[in-house]
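# A look at the structure
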Amino acid sequence: MKFLVVDDSATMRRIVINSLQRIGFNDTVEAGDGQEALAKFDSSVKFVITDWNMPNMTGTEFTKVLRSRDDGRHVPVLMVTARSVKEDILTAMEAGVNNYIVKPFTPQVLKEKIDALLPAAAA
Amino acid sequence: MSDSRAQTAYYESEAALRLVDKELDQLRDGAEAVSRFVTVSLADLPLILERANNQIRAVLSHLRETRQALQSTTFEKLQTTHDKIKEVTSATEDAAINIMDACDRASQIVDELDTIDAAETPDRGKATELRATLRDELFMMMGALQFQDITSQQLAHASSVLVEMETRLADIANLFDSSLATDPPLATLQAGAPDERTYDPNATTRNAEQRQHLADEIFTAVKAPAA
């Protein structure tokens, strides 16, 4: 299963990708912002993990555009962000995010959220 | 005091200063007229002076209010910035200590593996177990590096506050010397301000579990969009 990992921090991309590899997902593609993510997204991507605060196109903007595309309408989107006030979480939800992880996160939390969305990703 | 109130006070003061400037111009013109035409009555002079006096009093009042507003907002923002920088220091130290602790534990595990290897009949089961623990420790070290992303957002926020303060001070200086408006160093500073889309002003390494719990509660209470 291919994961698209979107974050402007190279450190965070590496941490997420290493966490994915640790739980058995080795097929990953990465992007530094929403625009790059849109360019790299195709039907082979089955799961998206995105940050919120990024240059050029934020995670919520990216998710909205993704949801408007036929090939991105149903792909699970997991947001991993430092933003954690109620309004932000609701905004992310409205943008089409399926679940939400607050930074700094533990590998267990990442695994739980991915596991919960896997049936949708596999569909 | 809110930013908007400070800004209003600031603009009112600017307007008042311009009025005074106009009044002083009129006063100067009046004085010139007096000097040119000796026949002009001096009876108007007290009136002109009283008007100028009133304007100056009004300006002083506005300037006092502006000073208080700027002092208040500046103090609040600088205090927040100071707190953020303190948190960066604290988060960096916490991460460094966590990583050093993990290094110590990893080093002990390597020693234990050496002991197992040196034994006449090495306990392979124990060695496998220790290697798994070693991997966990290494992974934990990587996770601790998440502080870098969060502290970089905190520093971006602190930097944006400093640029804002500098801009505000430059605006005030510009009231007295308009040539500063095109000051190249100020333009460079503003252009180099962090993009506000790239950071969260509230980013923190603290209370991650509580904040995750809040997110989980919201996603449970409000039905998340179906994937």
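Residues numbered from 1 in each chain as written. Chains lettered and ligands numbered in written order. Predicted model: local features only at pLDDT ≥ 70, side-chain atom pairs only at ≥ 80, totals over all residues. Heavy atoms only, no water.

## Focus: the overall build of chain A
The test is simple: In DSSP terms, a helix is any run of H or I states spanning at least four residues, a strand is any run of E spanning at least two, and both are numbered starting from the N terminus. Our radius of gyration is a C-alpha quantity, and the globule rule it is checked against amounts to 2.2 Å times the number of residues to the power 0.38. The rule is simple: take the accessible area with a 1.4 Å probe, protein chains only, and divide by the maximum for that residue type; under 20% is buried, over 50% is exposed, in between is partly exposed. Only the protein chains shown count as cover for residues, with accessible areas throughout obtained via the Shrake-Rupley method and a probe of 1.4 Å.
Along its length, chain A carries five helices and five strands. Expected size for 123 residues packed as a compact globule is a radius of gyration near 14 Å; at 13 Å, chain A falls within 12% of this value. Seen through its principal axes, chain A has C-alpha atoms that stretch 30 × 30 × 25 Å. Of all 123 residues assigned to chain A, the portion counted as buried reaches 56%. Counting every atom, chain A has about 4,900 Å² of accessible surface; 49% of that belongs to carbon and sulfur.

## Some words on the layout of surface pockets
So the rule is basically this: The definitions used throughout rest on a 1 Å grid laid over the protein atoms alone, on which a cavity is an enclosed set of points accommodating a 1.4 Å probe that cannot get out and a pocket is an open set flanked by protein within 12 Å on both sides along at least five of seven lines; lining residues are those having an atom within 4 Å of a point. Grid points are joined across faces, edges and corners, and a volume is the space filled by probe spheres set on the points. Each residue gets one label: Ala, Val, Leu, Ile, Met, Phe, Trp, Tyr, Cys and Pro are nonpolar, Asp, Glu, Lys and Arg are charged, and the others, such as Gly, are polar.
One number sums up the size of the largest pocket: a volume of about 730 Å³. Around the largest pocket, the lining comprises 27 residues; the ones closest to its centre are Pro104, Phe105, Thr106 and Pro107 of chain A together with Gln146 of chain B. Looking at the lining of the largest pocket, the elements with two or more residues in it are α1 (10-22) and α5 (107-122) of chain A together with α2 (45-118), α3 (124-144) and α6 (208-221) of chain B. For the lining of the largest pocket, the per-class residue count stands at 14 nonpolar, eight polar and five charged.

## Overview of the pattern of salt bridges
As a reminder of what qualifies: The salt bridge definition used is simple: a Lys or Arg side-chain nitrogen within 4 Å of an Asp or Glu carboxyl oxygen.
Scanning all chains against the criterion turns up 16 salt bridges over all chains. Here Lys111 of chain A and Asp115 of chain A are joined by a salt bridge, their closest N and O atoms 2.9 Å apart. Remark: Asp115 of chain A and Lys111 of chain A occur in helix α5; sequence separation between them is four residues, near one turn of the helix. Asp115 of chain A sits in the partly exposed class, given a relative accessible area of 34%. A cluster of three or more residues bridged by salt bridges with shared partners is formed by Asp7, Asp51 and Lys103 of chain A together with Asp149 of chain B.

## A closer look at the interface of chain B and chain A
Our working rule: Between two residues, a contact is recorded if the distance between any of their heavy atoms is within 4.5 Å.
Each partner contributes to the interface: chain B provides 33 residues, whereas chain A provides 39 residues. At the boundary of chain B with chain A, the tally comes to four salt bridges. One salt bridge connects Lys103 of chain A with Asp149 of chain B, and the closest N-O pair in it is separated by 2.6 Å. Of all the secondary structure elements, the ones that give two or more residues to the side of chain B that touches chain A are α3, α4 (147-176) and α6 of chain B. The biggest single contributor to the side of chain B that touches chain A is α6 of chain B, with eight residues. Within the side of chain B that touches chain A, the residues separate by chemical class into 16 nonpolar, seven polar and 10 charged.

## Some words on the packing of aromatic side chains
What characterises a pair of aromatic rings is the spacing of the ring centres plus the angle enclosed by the ring planes. Filter applied, for reference: To pair, rings of Phe, Tyr and Trp, with the six-membered ring standing in for Trp, must have centres within 6.5 Å; the planes then decide the type, stacked if under 30 degrees apart, edge-to-face if over 60, and tilted in the middle. Our definition puts a charge over a ring when NZ of Lys or CZ of Arg is within 6 Å of the ring centre and also within 35 degrees of the ring normal.
Counted by the stated rule, this structure contains three aromatic pairs over all chains. Ring centres 4.8 Å apart and planes at 50 degrees place the aromatic pair Phe3 of chain A and Phe25 of chain A in the tilted group. Of this pair, Phe3 of chain A sits in strand β1 (residues 2-6) while Phe25 of chain A sits in the loop between α1 and β2 (28-31), and the two are 22 residues apart along the sequence. Accessibility classification places Phe3 of chain A together with Phe25 of chain A in one group, the buried group. With 4.8 Å between their ring centres and 20 degrees between their planes, Phe3 of chain A and Phe47 of chain A make a pair best called stacked. Pair noted here: Phe3 of chain A is in strand β1 and Phe47 of chain A is in strand β3 (residues 45-50), with a separation of 44 residues, a long-range link. The two residues Phe3 of chain A and Phe47 of chain A agree in class, both being buried. Positioned above the aromatic ring of Phe139 of chain B, the side-chain terminus of Arg22 of chain A is 4.6 Å from the ring centre. Over the face of the ring belonging to Trp52 of chain A we find Arg83 of chain A, whose NZ or CZ atom lies 4.7 Å from the ring centre.

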